[in-house]
Amino acid sequence: MTSFDTSPTLTAWRALLAVAVVFVMLATTGWTAVRHQRSDEPRTLALASWARGGVAGHALPDADAPPGRMAQFFATLTAAQRTALADKYPLVVGNLNGAPVTLRYHANQRALVQAQAVERQRMHDERLSPDGRAEALRRMNRFQSMLENGRRILAFDPSGKGRAAEVFGDLDRAARVSVIVPGVDTNLLTLERTAPMVNAAPVGMAKSLYAAERAARPGTRTAVIAWADYTTPAGIGVDAALGNLAERGAVRLNALVGALPGNAPVSLFCHSYGSVLCGVAAHELPSRVTDIAVAGSPGMRVENAGELRTGARVWATRDHGDWIADVPNLELGGLGHGADPVDPGFGARIVSAGGAVGHSGYFEPGTESLSNFAAIGVGAYASVSCASSDSTCHDGVATGGRGPGI
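What you are looking at is a predicted structure, and each value in this text was computed from that prediction instead of being measured.

## What about the packing of aromatic side chains?
If you walk through the whole model with that rule in mind, you get 7 aromatic pairs. Arranged with centres 5.5 Å apart and planes meeting at 10 degrees, the rings of Trp 227 and Tyr 230 form a pair that is stacked. Given a relative accessible area of 0%, Trp 227 falls into the buried group. Taking the centre distance of 5.4 Å and the plane angle of 55 degrees together, the rings of Phe 269 and Phe 373 count as tilted. Residue Phe 269 is found in strand β7 (residues 266-271), and its partner Phe 373 is found in helix α12 (residues 368-378); the two are separated by 104 residues along the sequence. Three or more aromatic residues joined by ring pairs form one cluster here, namely Phe 269, Phe 363 and Phe 373. The ring of Trp 315 carries the charged tip of Arg 349 above its face, separated from the ring centre by 5.5 Å.

## Some thoughts on the pairing of strand β9 (residues 313-317)
Where burial is concerned, most of β9 is hidden: 5 out of the 5 residues are buried. Here β9 shows no split at all, with Arg 313, Trp 315 and Thr 317 on one side and Val 314 and Ala 316 on the other all buried. Bridge analysis of strand β8 (residues 289-295) against β9 gives 5 bridges, and the strand direction is parallel. Residue pairing for β9: Ile 292 is matched across the bridge by Val 314. As judged from the 2 bridges shared by β9 and strand β10 (residues 349-350), these two strands associate in the parallel manner. Counterpart to Trp 315 in the pairing with β10 is Arg 349.

## Remarks on the pattern of salt bridges
Within the structure shown, the criterion is met by 13 salt bridges. A salt bridge links Glu 119 to Arg 122; the nearest nitrogen and oxygen atoms lie 2.6 Å apart. Taken together, the residues Glu 119 and Arg 122, both in helix α6 (residues 101-122) and 3 residues apart, mark about one turn of the helix. Assessed through its relative accessible area of 5%, Glu 119 is described here as buried. Here Asp 125 makes a salt bridge to Arg 127, at a shortest N to O gap of 3.0 Å. Take Asp 125: its relative accessible area is 18%, and that puts it in the buried class. Since its relative accessible area comes to 76%, Arg 127 is described here as exposed.

What counts as what
Residues numbered from 1 in each chain as written. Predicted model: local features only at pLDDT ≥ 70, side-chain atom pairs only at ≥ 80, totals over all residues. Heavy atoms only, no water. Phe/Tyr/Trp six-rings, centres within 6.5 Å; stacked < 30°, edge-to-face > 60°. Buried < 20%, exposed > 50% of the residue type's maximum accessible area, 1.4 Å probe, protein only. Helix = DSSP H or I, 4+ residues; strand = E, 2+ residues; numbered from the N terminus. Lys NZ or Arg CZ within 6 Å of the ring centre and 35° of its normal. Pairing = 2+ DSSP bridges. Salt bridge = Lys/Arg side-chain N within 4 Å of Asp/Glu carboxyl O.

As structure tokens, then:
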């Protein structure tokens, strides 16, 4: 890890570079805006139907009800009633925080079958362009893949570019839970990828981490969630330089963590723009979140770890060949994401990324970054390999760390 020059001259040049980067992005991509979900989107229609529905003569709870209220509602139902609701409103039940996770898996299987049928029709719709029909084929194939081999889909929404979350392991019985929070260009079509980019996509990251955690502590029941359930920036445009999508995603992440079954400790592994989201979410995360680890981070929208206002340990890593190191770590009028988490002055525990290659290689088997993530995920902190710039990164973990948020 190289030392960091904080001279006024360098700071000024970095500020000018940040402004230049912003103008380039504006010129090439234009201002982008988050579109509200259209009234004819599948989930919007499903929510409207749910709002009018009922069970056993009683109205259904608001779909945005707190997880505790939702859990109480499902606890009052018979197994047959729960299944009937999942079958009738799969796009709602499959995404309800507080609903039993096995019921959500069942509902999302139903929703995937329905979404696949829609795309099969679109493939032959002459009103669509050839590109539109080709995309329908890709989406249909993705849904088919998600339906195979008993996969545990915790969230699914085919609206727009789509969102999803998948679980590896037994979430109900897990003694440790890890959540992968990915970055830009994550949607249903990029949820998983083929070789050689398998471990650069959320599903590949989660599979890799799950295997590494089981190898690190075979006797520990772990579960890993590939959480692609927020709207991410499309490419390296203005949205990627702003915090708007991170703020919206933070609400969703906090809702997910707050609704997880049991009381197992939770670790967040936040890659690229996902680390921006984790930084925004940090101060409202439930206390069961014990660790936040960021990789290839452009910043967490704070100037130091203490400003995250979290009791979780904060870890950071970056490969020496990661292009994200060239992104200016500044915030200017809402553009940019603040200080570099691998700067020793930031105050995170800096861990080695040995063996990782580039911006997308942190979850590759055999890398120190993956081994370190697995050790953090199962609580084997003494096994973490510190970066050369922070040889004491695992000091104090048994007694609560080195200070707030650290």
